[in-house]
Every structure is written in C-alpha cells, then in structure tokens.
Amino acid sequence: MSFKKKDNQTYYNPIRRAVLNHQMIQPGDRVAIGMSGGKDSTSLLYLLDRISKQKRLGFEFEIVPITLAMGFDMDITPLNEFVESLGYALEVVPTTIAQVVFDIRKERSPCSLCAKLRRGILYKRAKEMGCNKVALGHHLDDAIETYFMNFLFHGQMASFDPISYLSKTEITLIRPLLYVEEKQIIQFVKREELPIIFNPCPVDKKTKREEIKHLVSGLAQNYPDIREKFIMSMEQGEKENFWTASRMVSK
C-alpha cells in the first residue's frame, strides 16, 4: 500500500479528529468493523488498521473485521484475502436476511428491514466476540444525505450521531469516517486498488437515498462548501434556535 503526503490531510487527520472529538475509541477497546465488501467499510478497515498499528491515537486498540453472508450469491474471496493481508481473520456470519426480506416478507421498501436485521446480527456477533465497539463506514456524504432524508420524508432536522450507545446490546456504535467525503474514498479505493465486492441486492442504486445523493451532488455544484457548512451546523448549531410551538394568547 502506498502513502502520499496529502493522505494525512485527506484521510488520517479527519479520522483522528472525528475519533478524538467524539471520543469514539478508548485505550484497550476491541472494535468490530462491519465489512459489507463495499468501498466504505473496506477503506475504513485499511485506514483504521494503519492508525492502530502506527499508534496515531497515542494508544492501542484491537480491530475485529466481521461480515454477514446475506444469502445472495456472492464471492467474498477477494475481501477475505484483503483482510488476511492486513493480518486479520475475517469473521463470516451466515444469515438468511435476503430470503426473509425478499422471499418471505416480500418487502416493497426493503432497505429499512434489511438494515435492522443486519445491525441486530452484527451487534450480537460483535458482543459474542468480546467487542465493545462497532465501527460502520458511514462518511460525510452519508450524514448529509441522512439529514435531507429526515427533513424531506419525516419533517425532522437531524442526521445520525457520530457515536451511539446501544443499551440493549451494550455496544457503542461509532462512525470514524464522519469527516471524510465520499469522493475522497472513491479516489483512495482506485489508487490503492482495494477489492470491492459487487452488491447483488435487487434494489441497489434504486432507493430514495440514491435520489437524495443526486440532490446533494447538485447542491454541491452550486455551493462547493456545503459539506464544510454541514459539519459546522451540526457541531455548532443549537436546537434551541429552532422554532417552537407557542401558546396562543387570547385577548
């Protein structure tokens, strides 16, 4: 794997800032990484591995790569070989998620149920393997898209949290790529020739999130600093400044 001078500015420093700003990882943590085979989680594993081995956080922590066998016909050999090349053993958890979502439930909008099932299984397996944290590959663009989805479809001005404690499983969910843009991840994957597993899901690229992704891309063309402004608003904005329902005063 290569290293360029701008990698610190583009990847390692933003991840380090996200982790330290939100106290995502502590000394001695055992962090499971949910590996989907896509560009985001694959990049997350590689970058967190370098951060861990080079002790860029100033302390040590463990990494446990976990992937779910969804029930689709997928060859994860390239992913397995990549994980092993970094010195880890990929934990593969068999599931029947695809069968449940598409064959049994026949969901018209399957993404919500699929995500719920995937995360439940992932958190359970991570806990069984002695992990106290689960890291997901959500990046800055995911956070912005989630904000617009909540706003347009649910009337809520909110995105996902950088870190969340899940009391039922006693697992803390973290998102170390929070300050990294998707285009930077795409560039990194191409440059390093990281393995990407084709997603056989029948609704891939056909969801409402994909529509919102195009919306955000369009806005970014006219407002290039939209991502920086989003981070600023999420970290400095106060909900107290939003409108609140006032009581009508009778005269």
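For the structure, see preceding data.
Bear in mind the structure is a predicted one, so any value in this text is a computation, not a measurement.

A.B. asks: So what's going on with the pairing of strand β2 (residues 62-69)? Residues and values would help.
C.D. replies: Of all eight residues that make up β2, six are buried, and the element is covered over most of its length. Strand direction decides the pairing type here: strand β1 (residues 30-34) and β2, joined by five bridges, are parallel. Residue A32 lies in a different strand from β2, and its bridge partner there is V64. Handedness of the crossover joining β1 and β2 through helix α2 (residues 39-53) is recorded here as right-handed. Bridging between β2 and strand β3 (residues 91-94) involves four bridges; their strand directions are parallel. When the bridges of β3 are listed, A69 appears paired with P94.

A.B. asks: Outline the packing of helix α6 (residues 140-154) against helix α9 (residues 226-236), listing residues and values.
C.D. replies: The N-to-C vectors of α6 and α9 enclose an angle of 70°; their axes lie 10 Å apart at closest approach. As summarised for this structure, α6 and α9 are arranged roughly perpendicular, according to the angle between their axes. Handedness of the α6/α9 crossing: left-handed. Two secondary-structure elements touch here, α6 through L140, D141, A143, I144 and Y147 and α9 through R227, F230, I231 and M234. Residue composition of the contact of α6 with α9, by class: seven nonpolar, no polar and two charged.

A.B. asks: So what about a nonpolar patch on the surface? Which residues, and what values?
C.D. replies: There is a patch of nonpolar side chains on the surface, built from F151, L152, F153, M157 and L215 and spanning about 450 Å² of accessible area. Counting residues per element, the nonpolar patch draws most heavily on α6, which supplies three residues. Along the chain, F151 turns up in helix α6. Residue F151 is classed as partly exposed on the basis of its relative accessible area of 41%.

A.B. asks: I'd love a proper account of the pattern of salt bridges, names of residues and values included.
C.D. replies: Under the definition given, this model contains 21 salt bridges. Residue K39 is joined to E182 by a salt bridge in which the shortest nitrogen-to-oxygen separation is 3.0 Å. Residue K39 is located in helix α2, and its partner E182 is located in helix α7 (residues 182-192); the two are separated by 143 residues in the primary sequence. Residue class for E182 comes out buried when judged on its relative accessible area of 13%. Between K229 and D225 there is a salt bridge; the shortest N-O distance is 3.0 Å. We classify K229 as partly exposed; its relative accessible area is 44%. Connected through salt bridges with shared partners, the residues K39, D40, E145, E182, R209 and K213 form a single ionic network.

A.B. asks: Now, about unusual backbone geometry: what can you tell me, with residues and values included?
C.D. replies: In this structure, K55 takes a positive phi of about 55° despite not being glycine. By the element assignment, K55 lies in the loop between α2 and β2. Residue K55 is classed as partly exposed on the basis of its relative accessible area of 45%. Its identity as a non-glycine residue notwithstanding, E170 has a phi of 60°, on the positive side. Here E170 is to be found in the loop between β5 (163-166) and β6 (171-174).

A.B. asks: Quick rundown of the sheet that holds β1? Include the residues and the values.
C.D. replies: Within the open sheet, the six strands sit side by side as β3-β2-β1-β4-β6-β5. Their pairing is mixed. Bordering the open sheet on either side are β3 and β5, each of which pairs with just one other strand. Averaged over all pairs of adjacent strands, the angle between strand axes in this sheet comes to 30°, irrespective of strand direction.

Scoring rules and cut-offs
- Numbering of residues starts from 1 in every chain and runs along the sequence as written.
- Reporting of local features is limited, given that this is a predicted model, to residues whose pLDDT is at least 70; pairs of side-chain atoms are given and counted only at 80 or more, and all residues count toward the totals for whole chains, interfaces and linings.
- Values reported for side chains reflect all heavy atoms of the structure, with hydrogen atoms and water molecules removed beforehand.
- Working definition: with a 1.4 Å probe on protein chains only, accessible area under 20% of the residue-type maximum means buried, over 50% means exposed, and in between means partly exposed.
- Strands here are runs of E lasting at least two residues and helices are runs of H or I lasting at least four, both read from the DSSP assignment and numbered beginning at the N terminus.
- Following DSSP output, two strands are said to pair if at least two bridges run between them.
- Orienting the strands away from the viewer, one traces the path from the first strand over the helix to the second; a clockwise path indicates a right-handed crossover.
- Angles run from 0 to 180 degrees between N-to-C directions of axes, and those axes are lines fitted to C-alpha atoms, restricted for helices to the stretch in contact.
- What sets the label is the angle itself: under 35 degrees gives roughly parallel, over 145 gives roughly antiparallel, 65 to 115 gives roughly perpendicular, and the rest give oblique.
- Crossing handedness is defined as follows: a turn of the near helix away from the far one that is anticlockwise and smaller than a right angle gives a left-handed crossing, while the clockwise case is right-handed.
- The contact criterion used throughout is that any non-hydrogen atoms of two residues lie within 4.5 Å.
- The classification used treats Ala, Val, Leu, Ile, Met, Phe, Trp, Tyr, Cys and Pro as nonpolar, Asp, Glu, Lys and Arg as charged, and all other residues, Gly among them, as polar.
- What makes a patch is a set of residues exposed beyond 30% relative accessible area and free of salt bridges, joined within 9 Å when like-charged and within 5 Å when nonpolar (Val, Leu, Ile, Met, Phe, Trp, Tyr).
- Areas reported here follow the Shrake-Rupley algorithm with a probe of radius 1.4 Å; residue values treat only the protein chains shown as occluding.
- Salt-bridge detection follows one rule: a side-chain nitrogen of Lys or Arg within 4 Å of a carboxyl oxygen of Asp or Glu.

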